[in-house]
Amino acid sequence: MVIRMRDPFATLASVQRAMDSVMGGDWLGTRTAGGGAYPPVSVFNDGEDFVVVAELAGVRKEDLDVQVRGDTLRIKGKKSVAYEDKASVHRREREAGEFDRTLTLPAQLDAAKVAAEYRDGVLTVRLPRAESERPRTVAINA
Amino acid sequence: MAEQVALQQKKELNPAQERTEAGRFFSPYTDIHETAAAVVVTVEMPGVDKTAVDILVEKGVLTIKGTVDAGKYESLRPIYSEYNIGNFVRTFTVSTKIDSGAISASMVDGVLTVTLPKAAEAVAKRITVN
């Protein structure tokens, strides 16, 4: 399913519906390895590429470490929540700590072409398939 | 290894008033702490640009709204998701001891910090005994 833009207000709703339809699916199945359930991730297809998006509000870019090897993506880092000295805390809902999560994708990745962007607390990693995983057109001899 | 971040599922908003806008709203995770001079509200709104934040203080109610840009997901086809995206909204009742004219806010890495300075008469004064 491709999300099409009809008007700017409908885009969000259609993205939400599309994400809902794959929510909790078994696409990664038992493929997630390594410790931790944080950060929650969403995986998208953009043509032949995979796009992994994770929400990491409050994590600084310097504290993030993204590694790719073979068919795995590893996201690790730490999130800290600090208050000024002598502050009394009325409400504390934000969580802090370290995280380390490894995802195994169903194709070998081209590590040299992986691009990661971190903006407004959202990490977006674009993972192109390795050349060997791309479909090849076979010439048919007459 | 140090303590791990606990997984927090996004809380969907269940508002008293129904909304006319399409799409889902989430209630952002918020910390509130108080120092001698101010009350500081820290709100996690990943994916919200600082220009897409709307902070309103009206009749003693602080409303924080963050709009996400769904445009970047437009051409993508979701195949697996563990969370959903949406706009964030949360309201707080503000004490009258807040100087509402001097409220300031900043946004770093998807975390909005709203500083609500205490009004002059509310700041505690220490009295020295002669």
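Residues numbered from 1 in each chain as written. Chains lettered and ligands numbered in written order. Predicted model: local features only at pLDDT ≥ 70, side-chain atom pairs only at ≥ 80, totals over all residues. Heavy atoms only, no water.

**Thoughts on the overall build of chain B**
Item 1. Check the secondary structure of chain B and you find zero helices and 10 strands.
Item 2. From first element to last, N terminus to C terminus, chain B shows the α and β order β-β-β-β-β-β-β-β-β-β.
Item 3. Expected size for 130 residues packed as a compact globule is a radius of gyration near 14 Å; at 18 Å, chain B overshoots this value by more than 25%.
Item 4. Dimensions of chain B, computed from C-alpha atoms along their principal axes, come out at roughly 75 × 45 × 25 Å. (Helix = DSSP H or I, 4+ residues; strand = E, 2+ residues; numbered from the N terminus. Rg over C-alpha atoms; globule rule 2.2 N^0.38 Å.)

**Observations concerning the overall build of chain A**
Item 1. Along chain A, the regular secondary structure elements total one helix and eight strands.
Item 2. If you list the helices and strands of chain A from N to C, you get α-β-β-β-β-β-β-β-β.
Item 3. Partitioning the contacts of chain A with sequence separation of at least 6, the portion at a separation of at least 24 is 55%.
Item 4. Looking at chain A as shown, the accessible area adds up to about 8000 Å², and 47% of this sits on carbon and sulfur atoms. (Contact = heavy atoms within 4.5 Å. Areas by Shrake-Rupley, 256 points an atom, 1.4 Å probe, with all protein chains shown as cover.)

**Here we look at the sheet that holds strand β6 (residues 97-104) of chain A**
Residue and element names in this part refer to chain A.
Item 1. The strand order across the open sheet built from three strands is β3-β4-β6, with neighbouring strands paired in antiparallel fashion. With partners counted over all chains shown, the strands left at the sheet margins are β3 (64-69) and β6, one partner each. Averaged over all pairs of adjacent strands, the angle between strand axes in this sheet comes to 10°, irrespective of strand direction.
Item 2. Relative to strand β4 (residues 72-79), β3 is paired through six bridges, and the arrangement is antiparallel. By the bridge assignment for β4, Val68 is matched with Leu73. (Pairing = 2+ DSSP bridges. Axes fitted to C-alpha atoms, helices over the stretch in contact; angles between N-to-C directions.)

**Examining the nonpolar core**
Item 1. Counting residues in each nonpolar core, the largest one holds 31 residues, and the members touching the most others are B:Val41, B:Met45, B:Ile64, B:Tyr73 and B:Leu112.
Item 2. Among the secondary structure elements, those contributing two or more residues to this core are α1 (8-21) and β2 (49-55) of chain A together with β4 (38-44), β5 (48-58), β6 (61-68), β8 (87-93) and β10 (111-117) of chain B.
Item 3. Leaving out residues up to four positions away in the same chain, B:Ile64 has contacts with B:Val41, B:Val43, B:Met45, B:Asp54, B:Phe88, B:Val89, B:Arg90, B:Phe92, B:Leu112 and B:Val114.
Item 4. If you look at the next biggest cluster of nonpolar residues, it comprises 23 residues, including A:Phe99, A:Leu109, A:Tyr118 and B:Tyr80. (Core = buried A, V, L, I, M, F, W, Y, C linked by side-chain atoms within 4.5 Å. Buried < 20%, exposed > 50% of the residue type's maximum accessible area, 1.4 Å probe, protein only.)

**Notes on the confidence of the model for chain A**
Item 1. Here chain A averages 84 in pLDDT, while 84% of its residues score no lower than 70.
Item 2. Within chain A, strand β8 (residues 122-127) of chain A carries the highest mean pLDDT (95), whereas α1(A) carries the lowest (79). (pLDDT = per-residue confidence, 0-100.)

**A word on the pattern of salt bridges**
Item 1. Tallied over the entire structure, the rule returns 19 salt bridges over all chains.
Item 2. A:Glu55 is paired through a salt bridge with B:Lys10; the nearest N and O atoms lie 3.1 Å apart. Here the residue A:Glu55 occupies a position in strand β2, and B:Lys10 occupies one in the segment before β1 (11-12), the pair thus bridging two chains.
Item 3. The residue A:Asp63 makes a salt bridge to A:Arg60 at a minimum N-O spacing of 3.3 Å.
Item 4. One salt-bridge network, in which partners are shared between bridges, spans A:Asp46, A:Asp49, A:Arg126, A:Glu131 and A:Arg134. (Salt bridge = Lys/Arg side-chain N within 4 Å of Asp/Glu carboxyl O.)

**Quick word on the interface of chain B and chain A**
Item 1. Taken together, the contact pairs 52 residues of chain B with 63 residues of chain A.
Item 2. For chain B, the biggest contributors to the area lost against chain A are B:Val5, B:Tyr80 and B:Tyr83; these three give 14% of the whole.
Item 3. Linking chain B with chain A are six salt bridges.
Item 4. Remark: the boundary between chain B and chain A carries 28 residue pairs in polar contact (both at pLDDT 80 or more).
Item 5. Mapped onto the side of chain B that touches chain A, the elements with two or more residues apiece are β3 (30-34), β4, β5, β7 (77-81) and β8 of chain B.
Item 6. Relative to β7(B), strand β1 (residues 41-46) of chain A runs antiparallel, the two sharing four bridges. In the sheet register, A:Asn45 faces β7(B), and the bridge partner there is B:Arg77. (Buried area = accessible area lost by both parts, 1.4 Å probe. Polar contact = N/O pair within 3.5 Å; in protein donor to acceptor, adjacent residues only side chain to side chain.)

**A look at the confidence of the model for chain B**
Item 1. Mean pLDDT over chain B stands at 85; residues scoring 70 or higher make up 93%.
Item 2. Taken together, the chains of this predicted complex give a pTM of 0.82 and an interface ipTM of 0.81.

**Some thoughts on the pairing of β5(B)**
Item 1. Where β5(B) lies against β6(B), seven bridges are found, and the strand directions are antiparallel. When the sheet's bridge partners are listed, B:Val53 is paired in β6(B) with B:Gly66.

**Remarks on unusual backbone geometry**
Item 1. Although it is not a glycine, A:Asp120 sits at a positive phi angle of roughly 50°.
Item 2. Here A:Asp120 shows up in the loop between β7 (115-119) and β8.
Item 3. The backbone of B:Lys59 sits at a positive phi, close to 50°, despite the residue not being glycine.
Item 4. Residue position: B:Lys59 is located in the loop between β5 and β6.

**Topic: the side chain of A:Ser14**
Item 1. As for its placement among the helices and strands, A:Ser14 is situated in helix α1.
Item 2. Within the local environment of A:Ser14, its side chain forms a polar contact with the backbone oxygen of A:Thr11, the two atoms lying 3.0 Å apart.

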